[in-house]
Amino acid sequence: MGEEFVIEVKELTKKYKKQVVVNKASFRIQKGRICGLIGPNGAGKTTIMKSLGGLIMPTVGTMQILGGTTHQELAKARERMSFMIETPYAKQDLTAWENLEKQRLQKGIPNKERIKEVMEQVGLADVGKKKIKEFSLGMKQRFGLANALMGKPEIMVLDEPINGLDPEGIVEIRELLKKVNQEQETTILISSHILSELSLMCDEYLFIAHGQIIKHLTHQQLLDECRSHFHIHTDNDSMALAILQEKLQVQEYEVERDGSINLYEQLEDTKKISQTLYENGVVPLELRMGGDTLEQYYMTLIGGAEYVECN
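Cut-off values and rules
- Residues numbered from 1 in each chain as written.
- Predicted model: local features only at pLDDT ≥ 70, side-chain atom pairs only at ≥ 80, totals over all residues.
- Heavy atoms only, no water.
- Phe/Tyr/Trp six-rings, centres within 6.5 Å; stacked < 30°, edge-to-face > 60°.
- Lys NZ or Arg CZ within 6 Å of the ring centre and 35° of its normal.
- Pairing = 2+ DSSP bridges.
- Helix = DSSP H or I, 4+ residues; strand = E, 2+ residues; numbered from the N terminus.
- Axes fitted to C-alpha atoms, helices over the stretch in contact; angles between N-to-C directions.
- Parallel < 35°, antiparallel > 145°, perpendicular 65-115°, else oblique.
- Left-handed = near helix turned anticlockwise from the far one by under 90°.
- Contact = heavy atoms within 4.5 Å.
- Nonpolar A, V, L, I, M, F, W, Y, C, P; charged D, E, K, R; others polar.
- Core = buried A, V, L, I, M, F, W, Y, C linked by side-chain atoms within 4.5 Å.
- Buried < 20%, exposed > 50% of the residue type's maximum accessible area, 1.4 Å probe, protein only.

Asker: If you had to explain the packing of aromatic side chains to someone new, which residues and values would you point to?
Answerer: Working definition: an aromatic ring pair is given by the centre-to-centre distance plus the angle between the planes. Counting across every chain of the model gives two aromatic pairs. An aromatic cluster is defined as three or more aromatic residues linked by ring pairs; in this entry it consists of Tyr205, Phe207 and Tyr297. Here Arg28 stacks its cationic end above the ring of Phe5, 3.9 Å away from the centre of that ring. In this structure, Arg227 packs its charged tip against the face of Tyr264, placed 3.8 Å from the ring centre.

Rendered as structure tokens:
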């Protein structure tokens, strides 16, 4: 069976009067992937997400979502999606529970227990009768995610979902989204300014500047382009290299002047590398990841695009 693309966008363009906000954007996202949408403010990220949600109509271009292309088919497909774009919608004088109950009834979700499930998932189980207007920004973000999770969507479109969360909250939400993605095969399109978080979560990345998609690459391609590596320095570097060649069949490496090794493969299992060295009588003195981070790659790419932020 071939690859199944649940989102396909072709030549998407959005103009407001004379200003082109999105310019001939084309991309597609495979089922079950987490895709990061990355670009400066004003680059067109939110416009693309709103177009997918049917909140704005593109000036030009076509899109296919879950196999649907016509206006009617896209409306039907959006019932199987969820969106968290800008401020999460909620009635401010109601509690989170009351808001989610309204959503449950509107979406025809039969299981009343679903509200309790999503409140626990996003860390809002203990908010009691506090009204939405009394929520902090981080709590509102959590509520927006609870709302987005209610109908067990096939696709989630999330614009800055970790905005306003403390470091612990960011980790919780990252792990939650990864879990939902893995257990339910939910496809996720997510934007964030915290690029280190996206690099821990995403399978692929869309880079946008001037309203144009300037790069679309997988996480592995990103690692390759950033020349990510595992830097190894031991009490006997030449023996360490011999062990890695014999036991793990490594071929992609460089030896530094001081004898230390930069390993460019098997980066997904650095624990196995260090364990192999230790078990074969070599003592690791320094083991660390090296190479460009997603932030550094982004700055080089966007800088190269000579990006001028729109007012």
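Asker: Tell me about the sheet that holds strand β9 (residues 212–218), and please be specific about residues and values.
Answerer: Taken together, six strands build an open sheet; the order of strands is β5-β6-β7-β3-β8-β9 and the sheet is mixed. The open sheet has two edge strands with one neighbour each: β5 (81–84) and β9. Each strand of the sheet is rotated relative to its neighbour by a mean of 15°, with strand direction disregarded. Looking at chain direction, strand β3 (residues 34–38) and strand β8 (residues 204–209) are connected through four bridges and run parallel.

Asker: Please provide a residue-by-residue account of the sheet that holds strand β2 (residues 19–30), values included.
Answerer: Pairing within the open sheet is antiparallel, and its three strands lie in the order β2-β1-β4. Looking along the sheet, the strands with just one partner apiece sit at the ends: β2 and β4 (60–65). Strand-to-strand twist across the sheet, computed as the mean angle between neighbouring axes with direction ignored, equals 15°. Sheet analysis places strand β1 (residues 5–16) next to β4, joined by five bridges and oriented antiparallel. Residue pairing in the sheet places Lys10 in a bridge with Thr62 of β4.

Asker: An account of the packing of helix α9 (residues 237–248) against helix α10 (residues 270–279) is needed here, citing residue identities and associated values.
Answerer: Relative to each other, α9 and α10 sit at 115°, their axes nearing to 10 Å. When the axes of α9 and α10 are compared, the pair comes out roughly perpendicular. Our pair here, α9 against α10, has a crossing hand that is right-handed. Residues Ala240, Ile243, Leu244, Lys247 and Leu248 of α9 lie in contact with α10, whose contacting residues are Lys272, Ile273, Thr276 and Leu277. Among the residues forming the contact of α9 with α10, the class breakdown is six nonpolar, one polar and two charged.

Asker: Which residues make up the nonpolar core, and what are the values?
Answerer: Leu158, Ile190 and Phe207 are the most contacted members of the largest nonpolar core, which totals 48 residues. Element by element, the count of residues in this core is highest for helix α5 (residues 137–149), at six residues. Excluding its chain neighbours within four sequence positions, the residues that come into contact with Leu158 are Met49, Met84, Leu145, Ala148, Leu177, Ile188, Leu189, Ile190 and Ser191.

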